[in-house]
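# Descriptive structure summary
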There are 2 protein chains.
Amino acid sequence: MKGNAVYKRSYNGCLAMCGSLQLGACLPSENELAQQLSVSRTTIRTVMTGLEAVGILSREGAIRRLSRHPQPEDAFPDTQTQSTSATVERRFLEWILDGNIGPGYLLTAAELARQFGTSTTIIREHLPHFQHFGLIERRPNSAWLFKGVTPAFANEIYEVREMFELRAARSFAVLPDDSRSWRHMRMIEAEHRALLKSIDKDYSLFPNLDERLHRTIHETTDNRFIKDFYDIISMLFHYNARWDVEDEKQRAFAALTEHITYIEALLGRDLKAIDQACRQHLKTARSNLLRSIELRMTMPPA
Amino acid sequence: MKGNAVYKRSYNGCLAMCGSLQLGACLPSENELAQQLSVSRTTIRTVMTGLEAVGILSREGAIRRLSRHPQPEDAFPDTQTQSTSATVERRFLEWILDGNIGPGYLLTAAELARQFGTSTTIIREHLPHFQHFGLIERRPNSAWLFKGVTPAFANEIYEVREMFELRAARSFAVLPDDSRSWRHMRMIEAEHRALLKSIDKDYSLFPNLDERLHRTIHETTDNRFIKDFYDIISMLFHYNARWDVEDEKQRAFAALTEHITYIEALLGRDLKAIDQACRQHLKTARSNLLRSIELRMTMPPA
DNA sequence: CCCATGCTTTTTATATGCAAAGAACAGGGT
DNA sequence: ACCCTGTTCTTTGCATATAAAAAGCATGGG
């Protein structure tokens, strides 16, 4: 009735720990393992029992020792280490953002449950989350309306994003030199410069860097609502990468250049330059997104 | 297993309709009734059966006639016309905002279910909503952390609110004279002037007017995220009224005056005046809220 | 052919059941 | 006194069950 993803993830975690242990060495205490993996001792004990059953551990009384080194095939596959809930969330987003349905489509919990092979409980728990993302809208006592990943959606997101990021960027500029964010930003700057040199082959590393830059900026506001909103941007951004593969290298290069200007303005505490660089970059990002959305609307994927 | 709040609400709705009917008159068609009350025909049919059972309606074949006028006691009490879900949501918010728990308190779904007399299913469906409000935070596989209605909470809300409302107000100013929002605003202005005259006795009507003014402004942005955020403000505002009863009259008067300045600036399309009035009003509102929160934190309610 | 109503099928709202995971308690060793 | 393991008790994650409500289909009258 309940999956055992936590068990499997912890099992894999323990396997990894065992890997760096000498044969015959005894394991840390249950409490310590539990803390390291952020799970309860109960789970650790179940894992230990499992490891003993396959002969990786042996125990004398209360002491457990490594009796053979774990092999890669001892581990559970990654697909099984995520809770049903997380899996459904991910698959649902993929399904929606891959364009399987268009604006106006009515989503019924019962149908989705069948489609994803879970119960309606899980579906009903997740739909409000996508409402928060602005993707769907509730009809009381009835189905959910899919609003679509439309130009309007992108524009509304970017309208808010611009306000938030401008404010965050300004607040970044007045933080002390030795704040965590500033140290972070200097690292990110270095990574940008490094990536710029090898952009021809490493352009696919850019999205991750992009996300980290913007998140670092947003985090400085210390405002739970602004941070929360960044999850929406992040979601959209993450999945946009799925469709928009054309010209990826050029776009990465252009964005990288804009980022560097932006970062220089930030580290230079030049408010005017910050505003300008921020606006310019978001404008580019917005039109990239819009272009990609419009392209997809005229020729939906097979 | 499922409440019948929809039935009861529709039943009351039909009673009200019957009230304005002549004795012996025949009712509208089932379809029409269903549409009027925004429920399914199935529900209407069940209601009709109920009304026949208590002798309010009589039927010959397919025709239903009013056979006696409904009395007030025929109606279901209002408490029974709301779904379990809605009731829990309301009671939970009241419970939290009335200060029954402090920041740092751990909420467990099981306990809440017992406390509110429902199943954990409902509770689990609602907690994410309060997370969206910024009131609680999730600990995976464990309890929820109540973050408290603290000064930080108020400040973070107002930081965002200011950005959104300034932008909305500016976009309001460029709408055409005959737009729905402008007509709306002129009505609201009239109500403000009327209320100003009778503020001594009618000050308790102010909160409703306040909400309508700000919502009218926010609606003009046509941005789902901004509108969505206004629900949080609204919630806080609504419940703030529960604690903050002292000096209510003075505060209503002060706010009313600020509103009128604000509205004049808006209707005058004077961008600079709008900015100033908006900032000024939000500043006052924020400090009222902060004062009330700080007061409550030093002397929590019995 | 358009709308009625009657009847059937599907979906939603909510409670309950149960395995997995977490938390609390208890004795024992250092 | 602390930390460790064994044990028990509670809570969470998820599926299922069921009444209420919605949606769909059939039939019949103007």
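Note that the structure is a prediction, hence the values are computed from the model and not measured.

## What about unusual backbone geometry?
With a phi angle near 60°, Asp 222 of chain A is a residue other than glycine that sits in the positive phi range. Tracing the backbone through its elements, the reader meets Asp 222 of chain A in the loop between α10 (206–219) and α11 (224–243).

## Focus: the environment of Glu 258 of chain B
Residue and element names in this part refer to chain B. Looking at the element boundaries, Glu 258 is found in helix α12 (residues 248–267). Assessed through its relative accessible area of 15%, Glu 258 is described here as buried. The spacing of Glu 258 and Leu 282 is 24 residues in sequence and 9.6 Å in space, taken between C-alpha atoms. Ignoring any residue separated from it by four or fewer positions in sequence, one finds Glu 258 in contact with Gln 280, His 281 and Thr 284.

## What about the packing of aromatic side chains?
Per the stated rule, a full pass over the model turns up 25 aromatic pairs over all chains. Here Tyr 7 of chain A and Tyr 11 of chain A contribute two aromatic rings whose centre-to-centre distance is 5.8 Å and whose plane-to-plane angle is 50°, an arrangement assigned as tilted. Here Tyr 11 of chain A and Tyr 7 of chain A lie together in helix α1 (residues 5–19), a separation of four residues that amounts to about one turn. The two residues Tyr 7 of chain A and Tyr 11 of chain A agree in class, both being buried. Measuring from centroid to centroid gives 5.0 Å for Tyr 11 of chain A and Phe 76 of chain A, while their planes differ by 65°, and the two rings are edge-to-face. You can see Tyr 11 of chain A sitting in helix α1 and its partner Phe 76 of chain A sitting in the loop between β2 (63–66) and α4 (84–97), a full 65 residues away along the chain. Residue classification places Tyr 11 of chain A among the buried positions, given a relative accessible area of 4%. Of the aromatic side chains, those joined through ring pairs into one cluster are Phe 153, Phe 164, Phe 225 and Phe 229 of chain A together with Phe 153, Phe 164, Phe 225 and Phe 229 of chain B.

## A word on the protein's contact with DNA strand C
Lining the immediate environment of DNA strand C, one finds 37 residues, of which Ser 40, Thr 43 and Arg 124 of chain A together with Arg 41 and Arg 45 of chain B sit closest. Note that a phosphate oxygen of DNA strand C is positioned 3.1 Å from one of the side-chain N or O atoms of Arg 59 of chain B. Contact distances for DNA strand C include 2.8 Å between a phosphate oxygen and a side-chain N or O atom of Ser 119 of chain B. Mapped onto the surface near DNA strand C, the elements with two or more residues apiece are α1, α3 (41–53) and α5 (109–116) of chain A together with α2 (30–37), α3 (41–53), α4 (84–97) and α6 (120–132) of chain B. Here the residues of the surface near DNA strand C sort into 10 nonpolar, 17 polar and 10 charged.

Quick notes on the rules
- Residues numbered from 1 in each chain as written.
- Chains lettered and ligands numbered in written order.
- Predicted model: local features only at pLDDT ≥ 70, side-chain atom pairs only at ≥ 80, totals over all residues.
- Heavy atoms only, no water.
- Helix = DSSP H or I, 4+ residues; strand = E, 2+ residues; numbered from the N terminus.
- Buried < 20%, exposed > 50% of the residue type's maximum accessible area, 1.4 Å probe, protein only.
- Contact = heavy atoms within 4.5 Å.
- Phe/Tyr/Trp six-rings, centres within 6.5 Å; stacked < 30°, edge-to-face > 60°.
- Near = heavy atom within 4 Å.
- Polar contact = N/O pair within 3.5 Å; in protein donor to acceptor, adjacent residues only side chain to side chain.
- Nonpolar A, V, L, I, M, F, W, Y, C, P; charged D, E, K, R; others polar.

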